[in-house]
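Coordinates in review
If you want the building blocks of each chain, they are given just below.
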Amino acid sequence: MRAIKYIVVHCTATPTTATIESIKRYWKEVLKWKNPGYHYIIKRNGEIVCINPEENISNGVGGHNRYSIHVSYIGGADAHGKPLDNRTDEQKQALFDKLVELSKKYPEATILGHRDFSPDKNGNGIIEYFEWIKGCPSFDVREWLDSYTPALSNAA
Ligand SMILES: [Zn+2]
C-alpha cells in the first residue's frame, strides 16, 4: 500500500454540467497528462465515481502526488470561471462520508484543500493551470469539516 500523507479535496473548476468523460478527455488530450487528475469525482447527485484506484498516482497537486489521494466534486466555479462553492447538498454529504472513510483507512493522513498547497502567482505572465485553479476547491476544507453537520435523511 502507498504511504498516504495527504487526502486532498478539489473542485473540477468546470461548469456544473461537465461530464466525467469530458474532464478525462481534457486531461488526456489538452494537458497531455498520463494519469488522471483525481482518484474520485463526486457528481452533482452525490454519486462518487472512482476514476483511478487509490494504489495508483493521480495528478492532483504537482510535487505531492506520490503520497496523496485526490477527491474532487464537479463544480466549484461560476459562469466566469471564478471560484464559487456551489456544491449540492448531495455532494457535501458524499464528500463528508468519503473523507471520513479515507481518514479511517489512512489515519496518518492530513485532509487539505488543493489551495492549501498553492504557491503565489509566479508572475511569468502566463496563466498556468495551477494559477487558474488556485481557488480550488473554492471553500476552506478544514473550516467546513469542523462545522459540517450531516443532514439527517430520516429526520421527522
Ligand atoms: Zn485542485
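What comes next concerns the included structure. (Residues numbered from 1 in each chain as written. Predicted model: local features only at pLDDT ≥ 70, side-chain atom pairs only at ≥ 80, totals over all residues. Heavy atoms only, no water.)

**Quick look at the environment of Tyr-38**
Residue placement: Tyr-38 occurs in the loop between helix H1 (20-30) and strand S2 (40-42). Sequence-wise, Tyr-38 and Cys-50 are 12 residues apart; in three dimensions their C-alpha atoms are separated by 8.6 Å. (Helix = DSSP H or I, 4+ residues; strand = E, 2+ residues; numbered from the N terminus.)

**A closer look at the packing of aromatic side chains**
Given two aromatic rings, their pairing is described by the distance between the two centres and the angle made by the two planes. Counting across every chain of the model gives 8 aromatic pairs. When the ring of Trp-27 is compared with that of Tyr-38, the centres are 5.1 Å apart and the planes differ by 70°; the resulting orientation is edge-to-face. Here Trp-27 is found in helix H1, whereas its partner Tyr-38 is found in the loop between H1 and S2, with 11 residues between them in sequence. Owing to a relative accessible area of 4%, Trp-27 belongs among the buried residues under this scheme. (Phe/Tyr/Trp six-rings, centres within 6.5 Å; stacked < 30°, edge-to-face > 60°. Buried < 20%, exposed > 50% of the residue type's maximum accessible area, 1.4 Å probe, protein only.)

**So, the coordination of the zinc ion**
Protein coordination at the zinc ion: the donors are His-10 (ND1), His-114 (ND1) and Cys-136 (SG), at 2.0 to 2.3 Å from the metal. One chain supplies every donor to the zinc ion, and in sequence these donors are spaced H-x103-H-x21-C. Separated by 104 residues along the polypeptide, His-10 in strand S1 (residues 6-11) and His-114 in the loop between strand S5 (110-113) and helix H3 (129-132) bring together distant segments of the chain. Take His-10 and His-114: they sit in the same class, and that class is buried. (Donors = N, O, S within 2.8 Å, 3.2 Å for Na, K, Ca; no water.)

**Let's talk about helix H2 (residues 89-105)**
With 17 residues, H2 should reach 24 Å at 1.5 Å per residue; the first-to-last C-alpha distance of 24 Å fits that figure. Taken residue by residue, H2 has Gln-91, Ala-94, Leu-95, Phe-96, Lys-98, Leu-99 and Leu-102 as its buried positions. Lining the buried residues of H2 we find S1, S2, strand S3 (48-50), strand S4 (68-73), S5 and helix H4 (141-147). (Expected span 1.5 Å × (residues − 1). Contact = heavy atoms within 4.5 Å.)

**So, unusual backbone geometry**
Residue Cys-136 is joined to Pro-137 through a cis peptide bond whose omega torsion reads 5°. Located in the positive-phi region is Ala-13, a residue other than glycine, with phi close to 55°. Mapped onto the elements, Ala-13 comes out in the loop between S1 and H1. At Ser-138, a position not held by glycine, the phi torsion is positive, near 75°.

**A short note on the pairing of S4**
Of all 6 residues in S4, 6 are buried; the element is thus mostly enclosed. Side chains of S4 alternate between two faces, with Ser-68, His-70 and Ser-72 and Ile-69, Val-71 and Tyr-73 buried alike. Direction of pairing for S1 relative to S4: parallel, over a ladder of 6 bridges. When the sheet's bridge partners are listed, Cys-11 is paired in S4 with Tyr-73. Pairing between S2 and S4: 3 bridges, direction parallel. Note on S4: the bridge partner recorded for Ile-42 is Tyr-73. (Pairing = 2+ DSSP bridges.)

**With respect to the pairing of S1**
Extensive coverage of S1 is indicated by the burial of 6 of its 6 residues. By the alternation rule, side chains of S1 split into Tyr-6, Val-8 and His-10 and Ile-7, Val-9 and Cys-11, which are all buried. Relative to S5, S1 runs parallel, the two sharing 4 bridges. Bridge pairing in S5 places Tyr-6 opposite Thr-110.

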